[in-house]
Amino acid sequence: ICRRIILQFLQMTLTEIIGWMATALTMASFLTHKMLLLRVMNFTACLIWVGYGIMTVSYPVIVTNALIACIHLYWYIKNYPSQPSEQSSHSKPNQ
């Protein structure tokens, strides 16, 4: 059985390897407890999935993962603005 698995692994195409990389990164992203790390890992996985979708001409894979990547970007921009605000979100307003 091990020999058969090794032979199948060695015979994988580039497309299959990319698909498995995307799968592994997607799954690994959900093992983290830090939201930013989860988002970055899952965003990267989405980009790999888009590449996989292009290689396999799978429009549902392309569209779904492109939209999820956009959601990750929106979340990042919303939560990590490039310009520091005048008042930190952690400080209390003067009363």
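These remarks concern the structure in this document. (Residues numbered from 1 in each chain as written. Predicted model: local features only at pLDDT ≥ 70, side-chain atom pairs only at ≥ 80, totals over all residues. Heavy atoms only, no water.)

## Description of the overall build of the chain
Reasoning step 1: In terms of regular secondary structure, the chain is built from four helices and zero strands.
Reasoning step 2: The N-to-C order of helical and strand elements in the chain reads α-α-α-α.
Reasoning step 3: Counting over 95 residues, the chain shows a buried share of 22%.
Reasoning step 4: Of the accessible surface of the chain, which amounts to about 7900 Å², a share of 68% is contributed by carbon and sulfur atoms. (Helix = DSSP H or I, 4+ residues; strand = E, 2+ residues; numbered from the N terminus. Buried < 20%, exposed > 50% of the residue type's maximum accessible area, 1.4 Å probe, protein only. Areas by Shrake-Rupley, 256 points an atom, 1.4 Å probe, with all protein chains shown as cover.)

## Quick word on the side chain of Thr32
Reasoning step 1: Among the structural elements, Thr32 can be located in the loop between helix 2 (14-29) and helix 3 (35-56).
Reasoning step 2: Here Lys34 takes part through its backbone nitrogen, which lies 3.2 Å from a polar atom of the side chain of Thr32.
Reasoning step 3: Dropping the residues within four chain positions of it, Thr32 is found in contact with Leu37 and Leu38. (Polar contact = N/O pair within 3.5 Å; in protein donor to acceptor, adjacent residues only side chain to side chain. Contact = heavy atoms within 4.5 Å.)

## Some points on the packing of helix 2 against helix 3
Reasoning step 1: At a minimum axis separation of 8 Å, helix 2 and helix 3 run at an interaxial angle of 155°. Classed by the angle they form, the pair helix 2 and helix 3 counts as roughly antiparallel. With respect to the hand of their crossing, helix 2 and helix 3 are arranged in left-handed fashion. Seen from helix 2, the contacting residues are Leu14, Thr15, Ile18, Gly19, Ala22, Thr23, Leu25, Thr26, Ala28 and Ser29; seen from helix 3, they are Leu38, Met41, Asn42, Thr44, Ala45, Ile48, Trp49, Tyr52, Met55 and Thr56.
Reasoning step 2: Of the residues belonging to the contact of helix 2 with helix 3, the class tally is 12 nonpolar, eight polar and no charged. (Axes fitted to C-alpha atoms, helices over the stretch in contact; angles between N-to-C directions. Parallel < 35°, antiparallel > 145°, perpendicular 65-115°, else oblique. Left-handed = near helix turned anticlockwise from the far one by under 90°. Nonpolar A, V, L, I, M, F, W, Y, C, P; charged D, E, K, R; others polar.)

## Here we look at the packing of aromatic side chains
Reasoning step 1: In this structure the tally under the stated criterion is three aromatic pairs.
Reasoning step 2: One aromatic cluster in this structure is built from Trp75, Tyr76 and Tyr80. (Phe/Tyr/Trp six-rings, centres within 6.5 Å; stacked < 30°, edge-to-face > 60°.)

## Section: unusual backbone geometry
Reasoning step 1: Although it is not a glycine, Val57 adopts a positive phi angle of roughly 50°.
Reasoning step 2: Position of Val57 among the secondary structure elements: in the loop between helix 3 and helix 4 (59-79).
Reasoning step 3: In this structure Val57 comes out as exposed when scored by relative accessible area, which is 55%.

## Here we look at helix 2
Reasoning step 1: With 16 residues, helix 2 extends 22 Å between its outermost C-alpha atoms, agreeing within 8% with the 22 Å of an ideal straight helix rising 1.5 Å per residue.
Reasoning step 2: For helix 2, the set of buried residues is Ile18, Gly19, Ala22, Thr26 and Ser29. One face of helix 2 carries all of its buried residues, which in axial projection span an arc of 100°. Away from the buried face of helix 2 by more than 90 degrees, exposed residues Trp20 and Met27 are located.
Reasoning step 3: Close packing links the buried residues of helix 2 with helix 3. (Expected span 1.5 Å × (residues − 1). Arc of directions from axis to C-beta.)

## Some words on the environment of His72
Reasoning step 1: Inspection of the secondary structure puts His72 in helix 4.
Reasoning step 2: The sequence separation of His72 and Cys46 amounts to 26 residues, and the corresponding C-alpha distance is 9.6 Å.
Reasoning step 3: Beyond its immediate chain neighbours, meaning those up to four positions away, His72 contacts Arg39, Asn42, Phe43 and Cys46.

Geometric values such as these leave the question of function open.
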